Amino acid sequence: METIKNYLETMFRNLPDTDQVRKAKKELLQMMEDKFSELRNNGVSENEAVGTVISEFGNLEELAEDLGLENIIHNNKDNMNRRSISFDEVKNYVAERKACIITVAIAIFCFITCVTPVIITDEIFNNNAVGLALMFAFIAAGVVLNVIAGSRMADWDYIKNEPCSISQESIDYIANEKKNFKTKYSVFHAAGILLCMLCFVPAAIMDEMKIHFSDPISGVSLFICIGLGVGFLIYSNKVSNMHEMLLNINSASTIGGSYSKKAKQNNGEVKYNNKVVKVIMDVYWSTITCIYLIWSFLTFNWEHTWIIWPIAAVVQTMIKGIYGIEGDE
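Read on for an overview of the structure. Just so you know, these numbers come straight off a predicted model, no measurement behind them.

Conventions and cut-offs
Residues numbered from 1 in each chain as written. Predicted model: local features only at pLDDT ≥ 70, side-chain atom pairs only at ≥ 80, totals over all residues. Heavy atoms only, no water. Helix = DSSP H or I, 4+ residues; strand = E, 2+ residues; numbered from the N terminus. Buried < 20%, exposed > 50% of the residue type's maximum accessible area, 1.4 Å probe, protein only. Contact = heavy atoms within 4.5 Å. Areas by Shrake-Rupley, 256 points an atom, 1.4 Å probe, with all protein chains shown as cover. Core = buried A, V, L, I, M, F, W, Y, C linked by side-chain atoms within 4.5 Å. Salt bridge = Lys/Arg side-chain N within 4 Å of Asp/Glu carboxyl O. Patch = residues over 30% accessible without salt bridge, like charges linked within 9 Å, V, L, I, M, F, W, Y side chains within 5 Å. Lys, Arg positive; Asp, Glu negative; His and termini not counted. Charge placed at Lys NZ, Arg CZ, Asp CG, Glu CD. Axes fitted to C-alpha atoms, helices over the stretch in contact; angles between N-to-C directions. Parallel < 35°, antiparallel > 145°, perpendicular 65-115°, else oblique. Left-handed = near helix turned anticlockwise from the far one by under 90°. Nonpolar A, V, L, I, M, F, W, Y, C, P; charged D, E, K, R; others polar. Disulfide = S-S within 2.5 Å. Expected span 1.5 Å × (residues − 1). Phe/Tyr/Trp six-rings, centres within 6.5 Å; stacked < 30°, edge-to-face > 60°.

1. Here's the deal with the overall build of the protein chain
Argument step 1. Looking only at helices and strands, the protein chain features 18 helices and four strands.
Argument step 2. Counting the 329 residues in the protein chain, one finds 36% classified as buried.
Argument step 3. Long-range pairs, those at least 24 residues apart, make up 76% of the contacts in the protein chain between residues at least 6 apart in sequence.
Argument step 4. When the accessible surface of the protein chain is summed, it comes to about 18,600 Å², and 59% of that surface belongs to carbon and sulfur atoms.

Shown next as structure tokens:
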């Protein structure tokens, strides 16, 4: 019976999310359940009963007149012709996209750190030839990795270029993936910001301690910290954006679009009931980061300027408590 319900969801997911459509969907489900029960009571196997029900009630256009949906289906041709992406396709896309995001992050790391061989060989061997060769090798590796990532995702271009729709099962899967990624997102995002902000710290420590070969090591550590920080930010943001894109792939006005609204509500996403507050919170942490950097570089009082982070976290919690609401407005 679950197969029939899933098939029914597929039939209706691109129709408008109205009372009339929901009523028709409920009526058709009852008709399907009655037919299924009748067949099972007559000794028909479950698989045969499911196949018979789907063949008899599986064409919505043939049933449109009986369900009072003729005009709705006619006026909704664009959404009805959306490409349906199966659950297996969604799972494969998510896995492939994550792998490509990691590949791109590594490529960016190669581009950022490509100068480190030059720094090392110039200081230690007083010869830039090997360093330059390695630098171009890093750049070539980055280019190759980017090309590989692009070619791997070429087969999935239709997801972005064509009107598509996904099922309730797929929405639930993506919502769960997004929920499980929240902790990783926080860790990678925070680590990325901190590595970019504090990239000079190893150099400052080595300079203060008068460590031998501190100049090349500090230069290398600077670029490695920046490369890792940018890589972490790319990974966290792109994976998060992928989840959002898939959750919003169904037309918002359809029954399929209501799946994502429900999924976001169940995920407990914080929305804001004040438009000004929403705008502020969209750039909240970026603004805090700018204030921290400007204050720190103007005063060089790094041992005290860190206090802005716990204060900012407390203020964010207060704003969420006053203006935040769970789910969609």
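The rest of the description comes next.
2. Description of the nonpolar core
Argument step 1. Ranked by size, the top nonpolar core spans 24 residues in total, and within it Phe12, Leu15, Leu28, Met32, Leu60 and Leu69 carry the most contacts.
Argument step 2. The set of elements that each furnish at least two residues to this core consists of helix 1 (2-12), helix 2 (19-41), helix 3 (46-57), helix 4 (60-67) and helix 5 (70-74).
Argument step 3. The element best represented in this core is helix 2, accounting for six residues.
Argument step 4. Counting residues in hydrophobic clusters, the runner-up holds 23 residues, among them Val90, Tyr93, Val94 and Ile166.

3. Some details on the pattern of salt bridges
Argument step 1. Scanning the model with the defined rule gives five salt bridges in all.
Argument step 2. Between Glu162 and Arg83 there is a salt bridge, and its shortest N-O distance comes to 3.6 Å. Here Glu162, found in the loop between helix 10 (157-161) and strand 2 (164-166), pairs with Arg83, found in strand 1 (residues 83-85); they are 79 residues apart in sequence, far enough to count as distant.

4. Observations regarding a negative patch on the surface
Argument step 1. Together, Glu2, Asp88, Glu169 and Asp172 make up a negatively charged patch on the protein surface.
Argument step 2. On the secondary structure map, Asp88 appears in helix 7 (residues 87-112).

5. Structural notes on the packing of helix 7 against helix 11 (residues 168-197)
Argument step 1. Helix 11 packs onto helix 7 with a crossing angle of 25 degrees between their chain directions and a minimal axis gap of 9 Å. Overall, the two elements helix 7 and helix 11 adopt an arrangement that is roughly parallel. Regarding helix 7 and helix 11, the two cross each other, and that crossing is right-handed. For the pair helix 7 and helix 11, contact is made by Phe87, Val90, Lys91, Val94 and Lys98 and by Glu169, Ser170, Tyr173, Ile174 and Glu177, respectively.
Argument step 2. Of the residues in the contact of helix 7 with helix 11, the class split is five nonpolar, one polar and four charged.

6. A closer look at the state of the cysteines
Argument step 1. On inspection of all chains with the given rule, the structure shows zero disulfides.
Argument step 2. Lacking any disulfide linkage, Cys114 is separated from the closest cysteine sulfur, that of Cys110, by 9.0 Å.
Argument step 3. Judged by its relative accessible area of 9%, Cys114 is buried.

7. Description of a nonpolar patch on the surface
Argument step 1. Where nonpolar side chains cluster on the molecular surface, the patch consists of Leu194, Leu198, Val201 and Ile205 and spans about 290 Å² of accessible area.
Argument step 2. Along the chain, the position of Leu198 falls in the loop between helix 11 and helix 12 (201-209).
Argument step 3. Residue Leu198 is classed as partly exposed on the basis of its relative accessible area of 32%.

8. What to know about helix 7
Three or four residues apart is the spacing at which side chains of an α-helix point the same way, because the helix has 3.6 residues per turn.
Argument step 1. Counted at 1.5 Å a residue, the expected span for helix 7 with its 26 residues is 38 Å, and the 38 Å between its end C-alpha atoms agrees.
Argument step 2. Three or more residues of helix 7 are buried, namely Val90, Tyr93, Val94, Arg97, Cys100, Ile101, Thr103, Val104, Ala105, Ala107 and Cys110.

9. Focus on the packing of aromatic side chains
Argument step 1. In total, this model carries seven aromatic pairs according to the counting rule given.
Argument step 2. For the ring pair Phe87 and Tyr173, a centre distance of 5.6 Å and an interplane angle of 85 degrees mean the geometry is edge-to-face. With a gap of 86 residues between them, Phe87 in helix 7 and Tyr173 in helix 11 connect regions that are remote in the sequence.
Argument step 3. Each ring, one from Tyr93 and one from Trp156, has its centre 5.5 Å from the other, and the planes form 65 degrees; the classification is edge-to-face. Taken together, the residues span a long stretch of sequence, with Tyr93 in helix 7 and Trp156 in the loop between helix 9 (128-153) and helix 10 at a distance of 63 residues. Like Tyr93, the residue Trp156 is buried in the burial classification.

10. A few points about the environment of Leu63
Argument step 1. Mapped onto the elements of the fold, Leu63 is located in helix 4.
Argument step 2. Put simply, Leu63 and Leu28 are 35 residues apart on the chain and 9.0 Å apart in space, counted from C-alpha to C-alpha.
Argument step 3. The residues contacting Leu63, other than those within four sequence positions of it, are Leu28 and Phe57.

11. Considerations on the environment of Met281
Argument step 1. Locating Met281 in the fold gives a position in helix 15 (residues 275-282).
Argument step 2. You can call Met281 buried: its relative accessible area is 12%.
Argument step 3. Between the C-alpha atom of Met281 and that of Ile319, which follows or precedes it by 38 residues, the distance is 8.9 Å.

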